[in-house]
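Architecture and fold: a report
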Amino acid sequence: MGSSATGIRPSSVRKALNPASERRRRASYWKRNAPFYLLLVPGVLYFLVFRYVPLLGSVIAFQDYNIYEGFWRSEWVGFKWFEQFFAFAHFRRLLWNTLAISFLQLLFAFPAPIMLAILLNELRNMAMRRFIQTVVYIPHFLSWVIVGGFGYMLLSPQVGLINHLIRAIGFDPVFFLQEPGWFRPIIVTSAIWKEMGWNAIIFLAAIAGISPTLYEASRIDGAGRWRQLLHVTVPGIMPAIMILFLLKIGQILDVGFEQIYVFLNPVTYSVGDIIDTYAYREGVLKGQYGMTTAIGLFKSIVGFALLIIANRVSRLTTGERLI
Amino acid sequence: MSYRPSFAERTFDTVNLFLLLAACATVLLPFLFILASSLSEPGAIIRGEVTFWPRGFTLEYYRTALNNEMFWRAFGVTLFIVGAGTALNMGMTVITAYPLSKQGLRGKHVLLMMIVFTIIFHAPMIPLYLVVKSFGLLNTVWSMIVPLALNAFYLLICLTFFRGLPEELFEAARVDGMSEYAILWKIALPLSKPIVMTLSLFYAVDHWNNYFVALLYINDYELRPLQLYLFNLIAQFNMNETLSNAIEANTMLSPQGLQMATILVATVPILLVYPFIQKHFVKGALIGSLKE
């Protein structure tokens, strides 16, 4: 499809030299590619309507949005909501909770699949390896509601397995889900339980891509299994780790509504209420559109900025980049 | 080369296997506990006698769970969302990715930038809610399908796959006078079976597991999908756990037993298809992880 090489100068020169052939060329391009443009119509409409219109709709963060007036006629209030929520006690709590949970996830849930992949890779028995992989992938396919249900059942003070064990060794049952101190550990543990196996796939693929000659060379140099793991496997998957770490940084304010909402209750709001759960409760359920959109917009902008910054830092320091 | 593992290596292997089996146990034991509980008598559940083996076998919970009309209604809604949603998803993904995979299509780069931008920058929840509302989609099954018609990330995966197809084949068909639509339908798609399978499965599981959209857009009890039905069931029983136990301890049913049975019944479909789809999922995850 050579007709598409549209360097500016050649085409303008051609145009000047022979306007008639230029017209024909352009007509034939459109004729040939019209089907492609037609195919693109639904997809483009989708992105405009469900991605870009809501983006423009975010202007209600600067309005005293009134559902009957719509955003064309609602009153503009400038940065009122932003000023209000920066001063708002709830906002600090929301931001802190979101960051705290995100940070804990980064600390514990992020390395878990890496370690799992490394351990799986060291397992020499292939049948056993396949069995273990099959089992650890399963939770990924359960919804957060089901995982939450499992959590409720296991942790219930009356019927829960964990509390049976606690009682059996002579302690009082713990009301795990009613206790703020347990909320974050439960969130992190359940995240690891659900996604550790699935997330290990990418690292397994990265390990499979390491050249076997590196292992041989290190063995000749006298490295045992542990040394090989440390000096060949880990550096070998470092690029994959960096890329996924970058992605995580960009999502630092996106903790996962579905998971948090399943476990959250009024008793644990103090430690578990995040920006998204608050936006759902106050925004959708109570109709506080302007305020919660301002908070949501803040979240999106911070996430976007973090991703861009992390990407640049990583490109400069490690050479790995996302965009 | 005859190779004798050293003591250190054998220790390493043993510890490794032990750790991995422990990981498997943490996945399997909760299932076992919940299965055992869902088959045990209420008294045994509440007294905490059930561990991994049912105490006082009963199928009453399953009978009640399966006789619930609301359960089947929610199940039907979910089946519709998974079926119609996935079909729409795949149609949209293919027809959008295909042209974008063509070299030299003008405006392609702008469109790609637009799509990638939506992956890294999300609009807040409320404006999207208002858009869905303004289309009159609230409280309809379409609210759980149409706003999710395309996933930008899956679109890029599909696009990368299409780029790898041999252009000569399409050129030959063009010379033979085939229309571009026929080429897509009769040549590109049959060659793309692996990616179509994989992405359909991704989309289907996403639909099956999603309760967030239903939570946002659905008020009508009749239109609740399965996950939202389960969510309400679990939340409702746990809110007054103590109270309900006092009332129902003497009857044939304990609310927890019913919850556990319902959860398991709702898990069965995914566990049944899991062995068949596993290899596709792994393949898909790998395709998805490839950098362009």
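Residues numbered from 1 in each chain as written. Chains lettered and ligands numbered in written order. Predicted model: local features only at pLDDT ≥ 70, side-chain atom pairs only at ≥ 80, totals over all residues. Heavy atoms only, no water.

1. Some points on the overall build of chain A
Counted only if it meets this: Put simply, DSSP marks the helices as runs of H or I at least four residues long and the strands as runs of E at least two long, and each gets a number from the N terminus on. The quantity called the radius of gyration is restricted to C-alpha atoms. Its globule counterpart is 2.2 Å times the number of residues to the power 0.38. Summary of the burial criterion: residues with accessible area below 20% of their type's maximum are buried, those above 50% are exposed, and those between are partly exposed, where the area comes from a 1.4 Å probe applied to protein chains only. Any two residues whose heavy atoms approach within 4.5 Å at even a single point are treated as in contact. Accessible surface is estimated by sampling points in the Shrake-Rupley manner with a 1.4 Å probe; for residues, cover comes only from the protein chains shown. His residues and chain termini do not enter the charge count, which takes Lys and Arg as positive and Asp and Glu as negative. The atoms used to mark charge sites are NZ of Lys, CZ of Arg, CG of Asp and CD of Glu.
Along the backbone of chain A there are 16 helices and two strands. In terms of C-alpha radius of gyration, chain A reaches 27 Å, well past the compact-globule figure of 20 Å for 323 residues. Projected onto its principal axes, the C-alpha coordinates of chain A cover approximately 95 × 70 × 35 Å. Each of the 323 residues in chain A was classed as buried or not, and the buried ones make up 50%. In chain A, the share of contacts with a sequence separation of at least 24, taken over all contacts with a separation of at least 6, comes to 64%. When the accessible surface of chain A is split by element, carbon and sulfur atoms take 67% of a total near 15,900 Å². Taking the 30 positively charged and 17 negatively charged side chains of chain A as two groups, their mean positions are separated by 14 Å.

2. Concerning the packing of helix H5 (residues 89-109) of chain A against helix H10 (residues 180-208) of chain A
All names here are of chain A. What counts here: A fitted line through C-alpha atoms represents every axis, and for helices the fit uses only the stretch in contact; the resulting angles, taken between N-to-C directions, go from 0 to 180 degrees. In these notes the angle categories are as follows: under 35 degrees is roughly parallel, over 145 is roughly antiparallel, 65 to 115 is roughly perpendicular, and the rest is oblique. Each crossing is labelled by how the near helix is turned from the far one, with a counterclockwise turn of less than a right angle marking it left-handed and a clockwise turn marking it right-handed. Amino acids outside the nonpolar list (Ala, Val, Leu, Ile, Met, Phe, Trp, Tyr, Cys, Pro) and the charged list (Asp, Glu, Lys, Arg) are all regarded as polar, and Gly is one of them.
The contact between H5 and H10 brings their axes to 10 Å, and the two run at 45°. Regarding the angle of H5 to H10, the classification is oblique. Of the two possible hands of crossing, H5 and H10 adopt the one that is right-handed. From H5, Trp 96, Asn 97, Ala 100, Ile 101, Leu 104, Gln 105, Phe 108 and Ala 109 reach across to H10, where they touch Phe 183, Arg 184, Ile 187, Val 188, Ala 191 and Ile 192. Residue composition of the contact of H5 with H10, grouped by class: 11 nonpolar, two polar and one charged.

3. What to know about the packing of aromatic side chains
Working definition: an aromatic ring pair is given by the centre-to-centre distance plus the angle between the planes. Let me state the cut-off plainly: Each Phe, Tyr or Trp ring, with Trp reduced to its six-membered ring, pairs with another whose centre is within 6.5 Å; inter-plane angles below 30 degrees give stacked pairs, above 60 give edge-to-face pairs, and intermediate values give tilted ones. Whether a charge lies above a ring is judged from NZ of Lys or CZ of Arg, which has to be within 6 Å of the ring centre and within 35 degrees of the ring normal.
Summed over all chains, the structure comprises 40 aromatic pairs over all chains. Ring centres of Phe141(A) and Tyr274(B) lie 5.3 Å apart, and the angle between their planes is 55°; on these two criteria the pair is classed as tilted. Of this pair, Phe141(A) sits in the loop between helix H7 (126-137) and helix H8 (144-155) while Tyr274(B) sits in helix H14 (residues 255-289), each in a different chain. Positioned over the ring face of Tyr269(A) is Arg281(A), at 4.0 Å from the centre of the ring. Here the guanidinium or amino end of Arg224(B) rests over the ring plane of Tyr221(B), the centre of that ring lying 4.1 Å away.

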